[in-house]
Amino acid sequence: MKKSSFLLLLLIIILLPLSSQSYTVLPLRHSFDITHNFLQPTDVTVGKNNYIYIMDGVNNRVKVFDKKGVFKFSFGGEGTQNGKFNTPIGITTDSDGLVYVADTGNRRIQIFHPNGKFKRQVILSPKKDSKPPEPVDITIAESLQQMYVADNDNHQVHVYSTQDYTLLSTWGSEGPRNNQFHYPFLITTGKNASVLIVDVLNTRVQVWRQDKAVASIGGWGVDLGQFYRPKGVCVDKKGLIFVSDSVLGVIQAFNSDGEFSAVLGDESGKVLKWKTPLGITIDSHQRIYVVEMLLNRVRVYDILSNKKVEKNTP
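Residues numbered from 1 in each chain as written. Predicted model: local features only at pLDDT ≥ 70, side-chain atom pairs only at ≥ 80, totals over all residues. Heavy atoms only, no water.

Structural notes on the overall build of the protein
Keep this limit in mind: Helix numbers and strand numbers start at the N terminus; a helix is a DSSP run of H or I with at least 4 residues, a strand a run of E with at least 2. Each radius of gyration reported is based on C-alpha atoms, and the globular scaling rule is 2.2 Å times the count of residues to the power 0.38. Contact criterion: two residues are considered in contact whenever any of their non-hydrogen atoms come within 4.5 Å of each other. Throughout, the Shrake-Rupley method with a 1.4 Å probe supplies accessible areas, and for residues the shown protein chains are the sole cover considered. Residues counted as positive are Lys and Arg, residues counted as negative are Asp and Glu, and His and the chain ends are not counted. Charge positions come from single atoms, namely NZ of Lys, CZ of Arg, CG of Asp or CD of Glu.
Looking only at helices and strands, one finds 1 helix and 25 strands in the protein. Here the C-alpha radius of gyration of the protein, 19 Å, is about what a compact globule of 314 residues would show, namely 20 Å. In terms of overall dimensions, the protein has C-alpha extents of about 55 × 45 × 45 Å along its principal axes. Taking as baseline every contact in the protein between residues at least 6 positions apart, the subset at least 24 positions apart corresponds to 47%. Working note: accessible area of the protein is about 14,100 Å², and carbon and sulfur atoms make up 47% of it. Across the protein, the 36 positively charged side chains and the 29 negatively charged ones have centroids separated by 3 Å.

Dropping the structure here:
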């Protein structure tokens, strides 16, 4: 297909209205935006003391803000030494406030204290007959004492012990079938010891538990419950699963069974659109944080769960 024809088709897909049916809008109330000379930020997490950690990967820094979005400090910088980064992508925190960074270009995970002081690194060694691992995100299951690392190049997820950071197992291989990935990206933990993995080119979110896929969310398309380019995933305290789509520019919510629940919108019920939404997270106060990569900002909203709006498409 010629490039011009492909771009026209893509434009038509993006502009297509939702198919004629009723659907639910989960309304948001905008709280504030965070901008701080970011250059294509990719991910966000909320840690101890409600500090907001934003991955400013092209600048090779983690920037930290208080709960009101006021800048506090940053750490990192370009390099291979401890505490330095090479195009990091994903970030997460645990209940102790430790900060975990997927230092993608250096092919390692780095762990920091809440104040940004370096704690340790986990070098990801290639398996036999595999490419060097390319870690793009991490998540922690504290009850299982495990760390999960999404490896984009090898289309796998690696499972490490958080006691001594030894490799316990590796999930998946390249492909479209169950238990396979085609460029896994951002990941998070959910209820019942589940791990949710954005499987980008298979246009789905896979749910894994105990070394196997137990469910799949989404599928290719532009309708409700479908994805074009899923990128971010997070889970709220009730188990509702949120997924961002960087091309369609929307965020959808799914119940714990993976069924479509709602699309995020404003208080009037209008579906909200973001510019290249990537990493998303929800804090304990039911605030959702959305990274808009190409607009170099993070938008923060209150989720108004008790004010859902029922809509009908034209």
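Focus on the sheet that holds strand β9 (residues 118-123)
Test applied: Two strands are counted as paired when DSSP detects at least two bridges linking them. Fitted lines through C-alpha atoms give the axes, limited to the stretch in contact for helices. The angle between two N-to-C directions lies from 0 to 180 degrees.
With antiparallel pairing, 4 strands are arranged side by side in an open sheet as β6-β7-β8-β9. Edge positions in the open sheet fall to β6 (91-93) and β9, since each of these has one partner strand only. Averaged over all pairs of adjacent strands, the angle between strand axes in this sheet comes to 20 degrees, irrespective of strand direction. Sheet topology note: the strand β8 (residues 108-112)/β9 ladder contains 5 bridges and is antiparallel.

Digging into the sheet that holds strand β15 (residues 195-199)
One open sheet holds the 4 strands; their spatial order is β14-β15-β16-β17, and the pairing between them is antiparallel. Edge positions in the sheet fall to β14 (184-189) and β17 (212-218), since each of these pairs with one other strand and no more. The sheet shows a mean angle of 25 degrees between the axes of neighbouring strands, direction not considered.

Regarding the environment of glycine 219
Summarising the element assignment, glycine 219 is placed in the loop between β17 and β18 (230-235). For the pair glycine 219 and threonine 203, spaced 16 residues apart in sequence, the C-alpha to C-alpha distance is 5.2 Å. Discounting residues that sit within four places of it in the chain, glycine 219 has contacts with Thr203, Arg204, Gly225, Gln226 and Phe227.

Looking at the packing of aromatic side chains
Working definition: an aromatic ring pair is given by the centre-to-centre distance plus the angle between the planes. Here is the rule: Pairs were defined over the aromatic rings of Phe, Tyr and Trp, the Trp ring being its six-membered one, requiring ring centres within 6.5 Å. Orientation was assigned from the angle between planes: stacked under 30 degrees, edge-to-face over 60, tilted for the rest. Relative accessible area decides the class of each residue, using a 1.4 Å probe on protein chains only: under 20% of the type maximum gives buried, over 50% gives exposed, and in between gives partly exposed. Criterion for a charge above a ring: Arg CZ or Lys NZ at most 6 Å from the ring centre, at most 35 degrees from the ring normal.
The full count for this structure, using the stated rule, is 13 aromatic pairs. With 5.5 Å between their ring centres and 25 degrees between their planes, phenylalanine 181 and tryptophan 208 make a pair best called stacked. With phenylalanine 181 in the loop between β13 (167-171) and β14 and tryptophan 208 in strand β16 (residues 204-209), the pair connects residues that are 27 residues apart, well separated along the chain. Accessibility classification places phenylalanine 181 together with tryptophan 208 in one group, the buried group. Following the ring pairs from residue to residue traces out a cluster consisting of Phe75, Phe85, Phe112 and Phe118. Lying across the ring of phenylalanine 185, lysine 231 places its NZ or CZ 5.8 Å from the centre.

Re the pairing of strand β3 (residues 52-56)
Two faces belong to every sheet, and in a regular strand the side chains alternate between them. For β3, a buried count of 5 out of 5 residues is recorded, marking the element as mostly surrounded by other parts of the structure. Taking every second residue as pointing to the same face, both faces of β3 are buried, with Ile52, Ile54 and Asp56 on one and Tyr53 and Met55 on the other. Sheet topology places strand β2 (residues 43-46) next to β3; 4 bridges connect them, and they run antiparallel. Opposite aspartate 43, over in β3, you have methionine 55 as the bridge partner. Here β2 folds back onto β3, and the loop between the two strands holds 5 residues, one of which, asparagine 49, carries a positive phi near 60 degrees. For β3 and strand β4 (residues 61-65), the ladder comprises 5 bridges, and the chain directions are antiparallel. Bridge pairing in β4 places aspartate 56 opposite arginine 61. In this antiparallel pair of consecutive strands, β3 and β4, the connection spans 4 residues, and asparagine 60 shows a positive phi of 55 degrees.

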